[in-house]
Amino acid sequence: MAENTPSALTRRSFLKATALTAGAAATVGMAGCSTVAEQPEEVVEQATEEQTYTNWCRGNCGGPCSLTGVVREGKLVKTGPTILPKEARLVQTGCVRGHTGPQRIYATNRVLYPMKQTGERGSDNWERISWDEACQTIAEKFNAAVDEFGPSSVVFSFGFGGTGLICGTNAEYSSTRNQPKTFSFASEMFMRRTGYAETLNSSDALGMWMAQMVCVQPSNSIEDMVNSKAIFFFGTNPAESGTRAWPYICQAHENGTKLVAVDPMLSKTAAASDVYVPVRPGTDAALILAMANYLIDNNLYNEDYLRNGSVAPFLVKEDGSYLRLSDLGMDPVDVENAATGKTEAIDTEVVYDEATGEFGSYRTVQNPAYEGEFDADGIKVQTVFNMVRDHIKPYTAEFAADECGISVELVNEVSRIYAENRPSKILTFNGFAHTTNSYLNYFGIGLLVSLTGDSGVKGGGYGQIGMILEGSTYLKAPVTVNSSAMSVENPQYNFTFTTELMPQVLETGKWKGEDFPIKCFFNSHQNLLGSEMGPTYMKQAFEKIDFIVVADPYMTYTARYADIVLPISLSWEDEDLDLGGIAMQKAVEPLGECKSQFYMLKALAEALGYDDLYTKSQEEYLRDLLDTPENLEAGLGYDAWKEQGTIYGEYKYGEIVSPETNPTGRTIFYVENIIPNCDYGQTFELNQRMPGYEHASESYKDNPLREKYPLHGIGHYHSSYVGQTFMGDIPWLDELRGEPFAHIHPNAAAERGIQTGDTIKIYNDHGYVVCKAILSTGVREDTIIAPHGYDHSQYIEGDPQDLVGLAIEPIACNNNYNDWLCQVEKM
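Every chain begins its residue count from 1, and numbering advances along the sequence as written. Given that this is a predicted model, residues contribute local features only at a pLDDT of at least 70 and side-chain atom pairs are listed and counted only at 80 or more, while totals for whole chains, interfaces and linings are drawn from all residues. Only hydrogens and water are removed before side-chain values are computed, so all heavy atoms of the structure are retained for them.

On to the side chain of Thr 269. Secondary structure elements follow DSSP: runs of H or I of four or more residues count as helices, runs of E of two or more count as strands, with numbering from the N terminus. Within the secondary structure, Thr 269 is located in helix α7 (residues 268-271). With a relative accessible area of 1%, Thr 269 lands in the buried category. Throughout, a contact is declared for two residues whenever any of their heavy atoms are within 4.5 Å. When near neighbours in sequence (up to four residues on either side) are disregarded, Thr 269 contacts Phe 233, Asn 237, Pro 238, Ala 239 and Trp 246. For the exposure calls, accessible area comes from a 1.4 Å probe over protein chains only, and a residue counts as buried if that area is under 20% of its type's maximum, exposed if over 50%, partly exposed in between.

Structure representation (structure tokens):
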């Protein structure tokens, strides 16, 4: 087990620090949410035995960070970053959020017993019931719905609160459900046996879908950042969110790398950068296109890479589809499949060979034309670059300056820095993927990289910072996983749709033209109302659902609107493994009657009549998954993980350069066909498949609604002291961050007579929140930054998520948290 320094904390001081004395007992109406019984008053002065355990932080910030927990007298008393070998200390990460493990376990809003709501939903009138009664009630409701309306009448929504091979609850990001999950095996077994409907996760869905599926953006390892001449941050704040990379960014900066941060707020990353670009929310694509035009207009682009490293020379027909060999009666060419190593005959995209004046496969033609229009045996075609270059011409530096709310000089400065510093790295994350137009950002970044050739080279790369890996090999992970150990024969598949489309489905009773009567809803590890989009409309949808169950460790905003709440254990109370190689060792017994995700689903399955679904214990399944011949030979079987927690190999510094891995092997900035994350029959116009610019759905400067609601609103996500709402109402964090507050510019505040510390109301047609104000020049005059991550009960009135509407874009049905306008007044 990992080493950790012993603490002098006594039982009494620990209980006082974590509000676990008798005064923290539940009040009337919240019985069953109390944490522990009244503790004895005597102080234990003598030394006590300590044990240490490995786990990882669930800050959901782009980590994860390995943690070590200290247990004394059966209680978790301390958590902190796992101390790594000296040579790997630069990789060691962690922040104050990871230290709050004890207070998260012993939080006053933990749900410790199954609870039944006795009043109206949201009334917080609860009665404690047994697990047997809860499961039997759920089974009766579910079976009755299935008998009358079919299995799609029961909908499960899994969030990101759970972790591990077995107990993970990670939701789906694709409505293509022909492959089983390679994680979260317990929930996968349950869904495939029951055939219930399942929602797709919309949290950060656009970033995940566009970066990883549509454009397949690679990024070099974090150690490679020291080779970059400049690093551009779009929609990411790695100083606070994604801290694995921050030490390497600082190292690069010390060596002379320029840092440029594009962000509506002066984040810690922006404050540490050489250039800060305070764009208006949702306008990043305008800046990106101006940068591309700067490169094109000044002939500062890499012709060789455009020809041979990007999709620029691919020929496009008038309908937007690629010209292929078969269109010209040409035979397919043999291409090696990188995944299988086998050669396959492929009908590839066609390019024009300037040297011979002939058409051919891009796989065989060297130095094809990257611009121009051609007649290919009577088919009118043009190159991708030709089409895109003409399409983006209107998006000049002047246009970007006006749209982004910055100066032309700043636009040109950013463009010049990008043009003159080779190689540069572009780092993104989900911060600029939360307005309805933000899918265009990803095509634009692909164009920038195609123009500079900064892919597949040291110091280059582009993509999501939360997805890049350490190149160092200090941490071992399972070699294989025996997924067949938890497979289901004849798996059942049913409807999948994005959660935020539920109000529409409930209104129409239809999905893609088929009847879809939702009668029962099961929400697991997801604070749908407190962290997602459009809670005002989701609550209205809830009223049309006959029966709602929430499974969560905490009495969340969403749980308060359930009929039954099931108590779920936290990772320190359970045993599992993250595929990245960090074991979740069970450190303490679950509080009250909390159960793991596995045992909850097992109990539900048995009540539903699926007694033969889970035939083994959680430990036995873990053994089956991990004790493969390959893992055992490498010393990575179940017993090794259980004993060691985190298993280290020899530390090796790794500056890994990632090549393009999409099927073309080239940098993508145009696609002929977009496959949506949530397919409900939508189609996409030509201008939606290439770099371009559209204003957001609600939060744009020329929206007539700004006469009533003049301020652009964004949420303050993932700061040093805030993660998601499961980190709300944590005393240690509250002491550091204070009560919920909004950032407002002094000029905007002066117009409204607001001073720091005043109570303000932020409101629009969707909802409102009442909280404190802090005046800050680190936010634009036309923008307000609302708090995020606090528990619903911590706001004076309302909730910041209530300000967010249901602005759903069609590609990923993304959660567009930052696409709203508002007004502010002093209370």
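Pairing between the strands of a sheet comes from backbone hydrogen bonds, and it takes one of two forms, parallel or antiparallel. Here, a strand pair is defined by DSSP locating no fewer than two bridges between the strands. The antiparallel open sheet is built from 3 strands, whose spatial order is β1-β2-β3. Among the strands making up the open sheet, the edge pair consists of β1 (50-56) and β3 (75-81). For this sheet the average axis-to-axis angle between neighbouring strands, irrespective of direction, equals 30°. Relative to strand β2 (residues 66-72), β1 runs antiparallel, the two sharing 7 bridges. The partner of Thr 52 across the bridge, within β2, is Val 70. Think of each axis as a best-fit line through the C-alpha atoms, taken over the contacting stretch in the case of a helix, with angles from 0 to 180 degrees between the N-to-C directions.

Moving on: empty space enclosed by the protein. Buriedness of a pocket was judged along seven lines, with at least five required to meet protein on both sides within 12 Å; pockets are open sets of points on a 1 Å grid over the protein atoms alone, cavities are sets where a 1.4 Å probe fits but cannot get out, and lining residues have an atom within 4 Å of a point. Grid points are joined across faces, edges and corners, and a volume is the space filled by probe spheres set on the points. Counted according to the given criterion, the structure contains 5 cavities of 30 Å³ or more. Of the voids in this model, the largest cavity is the one considered here, and its volume is about 80 Å³. Within the residue set of the lining of the largest cavity, elements represented by two or more residues are β26 (576-577), β27 (583-584), α18 (618-626) and α20 (638-644). Of the residues forming the lining of the largest cavity, the biggest block, 3 residues, is contributed by α20. Partitioning the lining of the largest cavity into residue classes produces 7 nonpolar, 1 polar and 3 charged. Classification used: nonpolar for Ala, Val, Leu, Ile, Met, Phe, Trp, Tyr, Cys and Pro, charged for Asp, Glu, Lys and Arg, polar for all others including Gly.

Before going further, it helps to examine the packing of helix α8 (residues 284-297) against helix α10 (residues 384-392). The geometry of α8 relative to α10 is characterised by a closest axis approach of 10 Å and an angle of 115° between their N-to-C directions. Crossing of α8 against α10: the hand is left-handed. Taking contact as the criterion, the partners of Leu 289, Ala 292, Asn 293 and Ile 296 in α8 are, on α10, Phe 385, Arg 389 and Ile 392. Residue classes in the contact of α8 with α10 are distributed as 5 nonpolar, 1 polar and 1 charged. Left-handed describes a crossing in which the near helix is turned anticlockwise from the far one by less than a right angle; the clockwise case is right-handed.

Burial analysis of helix α5 (residues 205-214) places 8 of its 10 residues in the buried class, the great majority of the element. Listing the buried residues of α5 in full gives Ala 205, Leu 206, Gly 207, Met 208, Trp 209, Met 210, Ala 211 and Val 214. The elements touched by buried residues of α5 are α13 (440-452) and β19 (462-464). Phi turns positive one or two residues past the end of α5, at Val 216, with a value near 45°.

With that settled, the discussion passes to the layout of surface pockets. Unfilled space is identified by rolling a water-sized probe across the atoms. Volume-wise, the second largest pocket comes out at about 340 Å³. Looking at the second largest pocket, it is lined by 22 residues, and the ones nearest its centre are Met 265, His 716, Ser 719, Phe 741 and His 743. For the lining of the second largest pocket, the class distribution of residues is 11 nonpolar, 8 polar and 3 charged.

Before going further, it helps to spend a moment on α18. Within the sequence span of α18, burial applies to Gln 618, Tyr 621, Leu 622, Leu 625 and Leu 626. Seen along its axis, α18 keeps its buried residues to an arc of 120°; they face one direction. Looking at the buried side of α18, the elements it contacts are α4 (185-194), β26, α17 (597-608), α19 (629-633) and α20. Taken from the helix axis, the directions to the C-beta atoms give the arc we talk about.

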